[in-house]
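# Per-entry structural report
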Amino acid sequence: MPRIRNRRLSEKVAEEIKAIINKTGLNPGDLLPSEADLARDLEVSRTTVREALRILELGGLIQTRQGKGSTVTLPNTQFLQEALAKLVNDQGSEFEYLMQAREILEPAAARMATMEATPEQINRIKERFSRARKKVEEGSYSVEDSIAFHHEIMNAIGNTLLSSLTKMVISLIERSTHLTFNIPSRPRDSLLEHERILKAIINRDPLEAEHAMQGHLMKVKENLRKVLEGDQGIKE
C-alpha cells in the first residue's frame, strides 16, 4: 500500500480506517486491527494511527478501551435526533408527526422481531416485561419502563437503521408520554398491551405482533390526545 502523504495526516488515516471497516464488513462490536497492524498497513506512525482513532471515536464510529483495543460502534445519533426535533418543532404538530412515525415504524419492527429475534433476545424482552409487571404491582411503573420494553424489541429486529430511527422517535415523544401515566388505569393497560405483543413475538406470529403493536399505539395516541386537550379525567 502506498504511503499516505497529507498535511492533515491523521484525518486522512481516519478515512482510510473507515474504508477498512467498510471493505472488511466489520459490524458493531467487532474489533479493529491493532494500532501496530494499522500503522504497518498504512505505513504511518502509531502516533498518527492513535490520533486517527481518536477522530473516529469522537465521531461515534468506534470505541477505544485501554488494553482492549478499538471496536466498531453505531454512529452517534445525537446530532440526528436534535435535527429531527428541530424539524418537527419548526413544522408544528409535533405530537401528530411523531405518532405517525411510530405507527409506521413500530408495527413493522414488531413483525420483524417475530422472524429475526434470537431466543436470547426474546428472553431479554420477557425479562423486561417481567420487571415491568412487578413494578405495576408495586405501583412504581413508569414511562421509562414502557420505553425500555419497546427498545428491547428494537434491539431484536436485526436492522440497526430502523432500530436507531425508531428509538429516536420514541425519545422525542417521551416528554408527552410521561403525562399519560397520570391516567390512573394507564400503567396496567399498557402492561396488558405489551403482554399481547410479547406473546405474539414468543409465538413467532408476525401478523398478530403487528396488530398488537398497532392496537397499543392507537391507545397511546388516544391517551396523548386526552392529555394534550386537558381531559378532566386525568389525575394531576
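Remember, predicted model here, so these are calculated numbers, not experimental data. (Residues numbered from 1 in each chain as written. Predicted model: local features only at pLDDT ≥ 70, side-chain atom pairs only at ≥ 80, totals over all residues. Heavy atoms only, no water.)

Another aspect to go through is the environment of Leu 172. Tracing the backbone through its elements, the reader meets Leu 172 in helix H8 (residues 160–180). Residue Leu 172 is classed as buried on the basis of its relative accessible area, which comes to 13%. For the pair Leu 172 and Leu 98, spaced 74 residues apart in sequence, the C-alpha to C-alpha distance is 7.6 Å. (Helix = DSSP H or I, 4+ residues; strand = E, 2+ residues; numbered from the N terminus. Buried < 20%, exposed > 50% of the residue type's maximum accessible area, 1.4 Å probe, protein only.)

In total, this model carries two cavities of 30 Å³ or more according to the counting rule given. Of the voids in this model, the largest cavity is the one considered here, and its volume is about 110 Å³. Taken together, 15 residues form the lining of the largest cavity, with Arg 102, Val 143, Ser 146, Thr 177 and Val 220 sitting closest to its centre. Secondary structure elements with two or more residues in the lining of the largest cavity: helix H7 (143–155), H8, helix H9 (186–202) and helix H10 (206–228). (1 Å grid on protein atoms, 1.4 Å probe; cavity = no way out; pocket = protein on both sides within 12 Å on 5 of 7 lines; lining within 4 Å. Points joined across faces, edges and corners; volume = space filled by probe spheres on them.)

Quick look at the environment of Glu 152 now. Mapped onto the elements of the fold, Glu 152 is located in helix H7. For Glu 152, a relative accessible area of 14% corresponds to the buried category. The contact partners of Glu 152, leaving out residues within four places of it in the chain, are Arg 124, Ile 125 and Arg 128. (Contact = heavy atoms within 4.5 Å.)

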